Amino acid sequence: MSHLDRLRAVFRRSLNLPADAPVDDLEYRAIQQWDSLAHMALVAAMEDEFSIMIDTDEMIDMSSFAAAAELLEKHGIGTAAV
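Each chain carries its own residue numbering, running from 1 in the written order of its sequence. With pLDDT at 70 or above as the cut-off, local features in this predicted model cover only qualifying residues; side-chain atom pairs require 80 or more to be listed or tallied, and sums for whole chains, interfaces and linings still use all residues. Each side-chain value is worked out from all heavy atoms of the structure, with water and hydrogens disregarded.

Q: Looking at this structure, I do not really get the pattern of salt bridges. What am I missing?
A: Where charged atoms from two side chains of opposite charge approach closely, those side chains can pair. Salt bridges are identified by distance alone: a Lys or Arg side-chain nitrogen within 4 Å of an Asp or Glu carboxyl oxygen. Going through the model one piece at a time under the given rule, you end up with five salt bridges. Here Glu-49 and Arg-6 are joined by a salt bridge, their closest N and O atoms 2.8 Å apart. Pair noted here: Glu-49 is in helix 2 (residues 36–50) and Arg-6 is in helix 1 (residues 3–14), with a separation of 43 residues, a long-range link. Of the charged contacts, one joins Arg-8 and Asp-24 as a salt bridge, the two residues approaching to 2.7 Å between their closest N and O atoms. Here Arg-8 is found in helix 1, whereas its partner Asp-24 is found in the loop between helix 1 and helix 2, with 16 residues between them in sequence. A residue is classified by how much of its surface remains accessible, and Arg-8, at 18% relative accessible area, is buried. Strands are runs of DSSP state E lasting at least 2 residues, helices are runs of H or I lasting at least 4, and numbering of each runs from the N terminus. With a 1.4 Å probe rolled over the protein chains alone, any residue whose accessible area is under 20% of its type maximum counts as buried; one over 50% counts as exposed, and the rest are partly exposed.

Next up, the structure:
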């Protein structure tokens, strides 16, 4: 499973979305489920899934699925050479 597929699964679990829900275009507060409390749960789930530590500034800047994917790359997830 790719890091993006894992991230999609984290988003779906954390936001209580159906297993097939599209998440690639999701933005913070664009759906009712992604409120501030869910944001904290999402950050914690990402930290657990990818064994990273997300700092406060990163947490605040993570305002979309795309931003979360970029955050993973910043932490070296999905950028390793084959």
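There is more to say, and it comes next.
Q: I tried to follow the nonpolar core on my own but got confused; where do I start?
A: Looking at soluble globular proteins, one finds that nonpolar side chains tend to be buried together. Grouped together as the largest cluster of nonpolar side chains are 24 residues, with contacts concentrated most on Leu-7, Phe-11 and Met-46. At the level of elements, helix 1, helix 2 and helix 4 (65–74) are the ones that each hand at least two residues to this core. By convention a nonpolar core is built from buried Ala, Val, Leu, Ile, Met, Phe, Trp, Tyr and Cys residues, the set being connected through side-chain atoms within 4.5 Å.

Q: Can you help me understand the packing of helix 1 against helix 4 in this one?
A: Relative placement of two packed helices is described by the angle separating their axes and the distance separating the axes. The axes are straight lines fitted to the C-alpha atoms, using for helices just the contacting stretch, and the angles between their N-to-C directions are given from 0 to 180°. It is at 11 Å that the axes of helix 1 and helix 4 come closest, and there the two elements cross at 130°. Here helix 1 is positioned oblique relative to helix 4, judged by the angle of their axes. Taken as a pair, helix 1 and helix 4 cross one another with a handedness that is right-handed. In contact with His-3, Leu-4, Leu-7, Arg-8 and Phe-11 of helix 1, helix 4 contributes Phe-65, Ala-68, Ala-69 and Leu-72. For this classification, Asp, Glu, Lys and Arg are treated as charged, while Ala, Val, Leu, Ile, Met, Phe, Trp, Tyr, Cys and Pro are nonpolar and the rest, including Gly, are polar. Residues of the contact of helix 1 with helix 4, tallied by class, amount to seven nonpolar, one polar and one charged. Roughly parallel refers to an angle under 35 degrees, roughly antiparallel to one over 145, roughly perpendicular to one between 65 and 115, and oblique to any angle outside these ranges. In this scheme the handedness of a crossing depends on how the near helix is turned from the far one: anticlockwise by less than a right angle means left-handed, clockwise means right-handed. Contacts between residues were defined by any pair of non-hydrogen atoms, one from each residue, lying within 4.5 Å.

Q: I tried to follow the UniProt feature "domain: Carrier" (unreviewed entry) in the protein chain on my own but got confused; where do I start?
A: UniProt positions are given in the numbering used here, feature names are shortened, and annotations may be inferred rather than shown by experiment. In the numbering used here, UniProt assigns the "domain: Carrier" (unreviewed entry) feature to residues 5–72. For residues 5–72, helix accounts for 57% and strand for 0%, while the C-alpha atoms at its two ends are 12 Å apart.

Q: Help me understand the environment of Ala-19, please; the structure alone is not making it clear to me.
A: Relative to the helices and strands, Ala-19 resides in the loop between helix 1 and helix 2. Along the primary structure Ala-19 and Arg-8 are separated by eleven residues, whereas in three dimensions their C-alpha atoms are 9.3 Å apart.

Q: So what exactly am I meant to see when it comes to helix 4 here?
A: Every α-helix winds through 3.6 residues per turn, so residues three or four apart in the chain are directed the same way. Of the residues making up helix 4, those classed as buried are Phe-65, Ala-67, Ala-68, Ala-69, Leu-71 and Leu-72. Tucked into the core, helix 4 has its buried residues touching helix 1, helix 2 and helix 3 (56–61). One or two steps after helix 4, the chain reaches Gly-76, where phi turns positive at roughly 85°.

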